[in-house]
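# Residue-level structure breakdown
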Amino acid sequence: MKLGDLAPLDLAERMKRQGLDLDTGPFVVRITTPIANLANELRALYCDFTLEAEGGLADFHLAVRHPAGPLGVRRYWRRQAKVYVDETPPFEPLPIDMAVPMLEWSINWCAATQVNQYLMIHAAVLERHGHALVLPGVTGAGKSTLCAALAHRGWRLLSDEFALIQPADGQIAPWPRPISLKNLSVDVIRRWAPDAYMSPPVQNTTKGTVVHVRPPAESVRRARDRATPAWIVFPTYEQGTANRLTPLPKARAFFRLAGCSFNYETLGIQGFQTLSRMIERCDVFEFAYSSLEDALRLLVALPLPAPLP
Amino acid sequence: MSSASDVEWQLAEGSRLHWVSWDREYVVFNEGSGDTHFLDSFSAEILKVLEQFPGPEPALIERVADCLNLYRDAGLERRIRDAIQKFREAGLVDPARA
């Protein structure tokens, strides 16, 4: 059963009681909340994801509740939401209209702090014809904008935030959760993909105005189809620039990628070997862009890397 | 009092190096410390010699000059000593008095 098949009232009741076990691909996420509006927003964003049977195991356990406030200011505390991971709050409470981004950041936090079966790099990942394009980048570089644009023009979304690289074979596991857009990129993607569902804008977060874009249904359906990395492209949005794709020396790319990794150092020799093999098999570029149409043309035309000897 | 020529250089205790290189630039992972290092080809050659042939500084300089087919002069010796000093600061090598 998919989340979108669940009637809103049934969903709210289930999320309030035993919680919702959402199969997101590599991880089952259990979310519990008494906040009906949050349940509805999750239903809209995750409608194509499969629900796990009740009573199974989940990888991450999250609850979103009103914080327990002192008596007498209950009305104030009802306007707040707090996320609990294994009953421990990783973040301070925030206004209730920030519950969706806060939950998304908390799921990211779970992966960044609990997962070590993959080498994890902060990167968007997309796929065409079995070959993965990895877009690492710091916040604000334009990674998610490019990711959302490509995901709505023929590329399969593997992830907006995490490249999950399997040490055993170097393949990338998809984690096609909603794409997080910020500030000006919201309107850019609204024009680029007018049919894409976006969550209501949340203003005044620490990252500015944030929306989440529902992942394409086909990407969710193929959430277990891994892809082989072929290109690593470090994007930077530069207003008014002519799009420029510049080869990046691989040894330098190694350190850029290690710097974007959540667990390279934790994995030790396994992290070094996994990252080395990935860079060996990929072509690596820096990419300054301003036009999404031109970026799409350029990235589609990237030749496949030469096969390894 | 000991001189520089008395110093024998060796990999730091517990070090085990793993190498990859692209376009004459090197990435070295030290399994002993968990640190990853970036080396140009000149520094990499010195560390490779030191990894295989730990020993006194003059012999090391001689071997590096041979490997790289470079004329041994004061300038080369200084560059090699500088590189060894950087390895030491990075925890890659240790001195052992002869």
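For the rest of this paragraph, the subject is the side chain of Asp21 of chain A. All names here are of chain A. Note that Asp21 resides in strand β1 (residues 20-23). With relative accessibility at 5%, the residue Asp21 sits in the buried group. Polar side-chain contacts of Asp21 include one of 2.7 Å to the side chain of Arg30. Ignoring any residue separated from it by four or fewer positions in sequence, one finds Asp21 in contact with Val28, Val29, Arg30, Thr50, Leu51, Glu52, Ala53, Gly56 and Ala58.

Let us look at the pairing of strand β14 (residues 208-213) of chain A. All names here are of chain A. β14 sits mainly inside the fold: five of its six residues count as buried. Note: strand β12 (residues 179-182) against β14, four bridges, orientation antiparallel. Bridge pairing links Lys182 to Val210 in β14. Judged from the two bridges that link them, strand β13 (residues 202-205) and β14 form a sheet pairing that is antiparallel. Bridge assignment links Thr205 to a residue of β14, and that residue is Gly208. Between β13 and β14, which follow one another and run antiparallel, lie two residues.

Looking only at helix α8 (residues 250-259) of chain A, the buried set comprises Lys250, Ala251, Ala253, Phe254, Leu257 and Ala258 of chain A. One side of α8 of chain A carries all its buried residues, which in axial view fall inside an arc of 155°.

As used in these notes, a disulfide is a covalent bond between sulfur atoms, one from each of two cysteines. Counting across every chain of the model gives zero disulfides over all chains. Counting only cysteine sulfurs, Cys282 of chain A is the nearest neighbor of Cys260 of chain A, a cysteine outside any disulfide, at a range of 14 Å.

The next subject is the sheet that holds strand β3 (residues 25-30) of chain B. Reading across from one edge, β2-β3-β4 (chain B) is the order of the three strands in this open sheet, with antiparallel pairing throughout. Single-partner strands in this sheet number two, and they are β2 (17-22) and β4 (35-40) of chain B. Between one strand axis and the next, the sheet turns by 20° as a mean value, whatever way the strands run. Sheet contacts for helix α10 (residues 269-281) of chain A: β2 and β3 of chain B; angle to β2 of chain B, the most-contacted strand, approximately 15°.

Take the domain arrangement of chain A next. All names here are of chain A. Each assigned domain of chain A is listed here: domain 1 (3-114) and domain 2 (119-300). Between the C-alpha centres of domain 1 and domain 2 there is a distance of 25 Å. In this assembly, 22 residues from domain 1 lie in contact with 27 residues from domain 2. Both faces combined, the contact of domain 1 with domain 2 buries some 2100 Å², and carbon together with sulfur accounts for 68% of it.

Here we take up the interface of chain B and chain A. Size of an interface: often given as the accessible area lost when the parts come together. Contacts between the two partners involve 13 residues from chain B, matched on the other side by 13 residues from chain A. For the pairing of chain B and chain A, the buried interface totals around 1200 Å² over both sides, and the portion due to carbon and sulfur atoms is 74%. The largest share of the area that chain B buries against chain A comes from Trp22, Glu25 and Phe29 of chain B, three residues that together contribute 48% of it. One can count one salt bridge joining chain B with chain A. Of the charged contacts in the structure, one is a salt bridge between Glu25 of chain B and Arg252 of chain A, with a shortest N-O distance of 2.3 Å. Linking chain B with chain A are three residue pairs in polar contact (both at pLDDT 80 or more). Counting residues per element, the ones that place at least two in the side of chain B that touches chain A are β2, β3 and β4 of chain B.

What follows concerns the environment of Thr205 of chain A. Residues and elements named next belong to chain A. Examined against the element boundaries, Thr205 turns out to sit in strand β13. Look at Thr205 and you get buried, because its relative accessible area is 9%. Taking the C-alpha atoms as reference points, Thr205 and Leu135, 70 residues apart in sequence, are found 24 Å from one another. Sequence-distant contacts of Thr205, defined by excluding residues within four places in its chain, comprise Met98, Trp105 and Val210. At a separation of 3.0 Å, a polar atom in the side chain of Thr205 contacts the main-chain amide nitrogen of Lys207.

On average, chain B scores 92 in pLDDT, and the residues at 70 or more come to 93%. Scored as a whole, the predicted complex attains pTM 0.93, and scored at its interfaces, ipTM 0.91.

One non-glycine residue, His129 of chain A, lies in the positive phi region at around 50°. For His129 of chain A, the location among the structural elements is in the loop between β7 (119-128) and β8 (131-136). Positive phi is not limited to glycine here, since Arg24 of chain B has a value of about 65°. As for its placement among the helices and strands, Arg24 of chain B is situated in the loop between β2 and β3.

Residues and elements named next belong to chain A. Here three strands make up an open sheet; going across it, the order is β12-β14-β13 and the pairing antiparallel. Both edges of this open sheet fall to β12 and β13, since each of them pairs with a single strand only. Averaged over all adjacent pairs, the angle separating strand axes in this sheet is 35°, with direction ignored.

A word on the pattern of salt bridges. When the charged atoms of two side chains lie near each other, side chains of opposite charge can form a pair. All names here are of chain A. Going through the model one piece at a time under the given rule, you end up with 21 salt bridges over all chains. Its salt-bridge partner being Glu161, residue Lys143 comes within 3.9 Å of it at the nearest N-O pair. Of the two residues, Lys143 is situated in helix α5 (residues 143-151) and Glu161 in the loop between β9 (156-159) and β10 (162-165); the sequence distance between them amounts to 18 residues. Judged on exposure class, the residue Lys143 and its partner Glu161 are both buried.

About the cut-offs
- Residue indices follow the written sequence of each chain, beginning from 1 at its first position.
- Whichever chain is written first is A, and whichever ligand is written first is 1; the rest continue in order.
- Under the rules for a predicted model, residues below a pLDDT of 70 receive no local features and side-chain atom pairs below 80 are neither given nor counted, while totals for whole chains, interfaces and linings still include all residues.
- Note that water and hydrogens are dropped before the side-chain values are worked out from all heavy atoms of the structure.
- Counting from the N terminus, the helices are the DSSP runs of H or I reaching at least four residues and the strands are the DSSP runs of E reaching at least two.
- The buried label goes to any residue with under 20% of its type's maximum accessible area, the exposed label to any with over 50%, and the partly exposed label to all in between, with areas taken from a 1.4 Å probe on protein chains only.
- We define a polar contact as two N or O atoms separated by no more than 3.5 Å, with the added condition that, inside protein, one atom must be a possible hydrogen donor and the other a possible acceptor, whereas residues neighbouring each other in sequence contribute only through side-chain atom pairs.
- What makes two residues a contact is simply this: any of their non-hydrogen atoms within 4.5 Å.
- Being paired, for any two strands, means DSSP has found at least two bridges between them.
- Along the arc lie the directions from the helix axis toward the C-beta atoms.
- Disulfide assignment relies on a single distance test, namely cysteine sulfur atoms paired within 2.5 Å.
- Each axis is a line fitted through C-alpha atoms, and for a helix only the stretch in contact is used; angles between axes span 0 to 180 degrees, taken between their N-to-C directions.
- Where each domain begins and ends follows an automated or database-derived domain assignment.
- Reported buried area values correspond to the accessible surface (1.4 Å probe) lost by two parts on association, with both partners' losses combined.
- Any Lys or Arg side-chain nitrogen located within 4 Å of an Asp or Glu carboxyl oxygen qualifies as a salt bridge.
- Each residue carries a pLDDT value, the predictor's own confidence for that position, ranging from 0 to 100.

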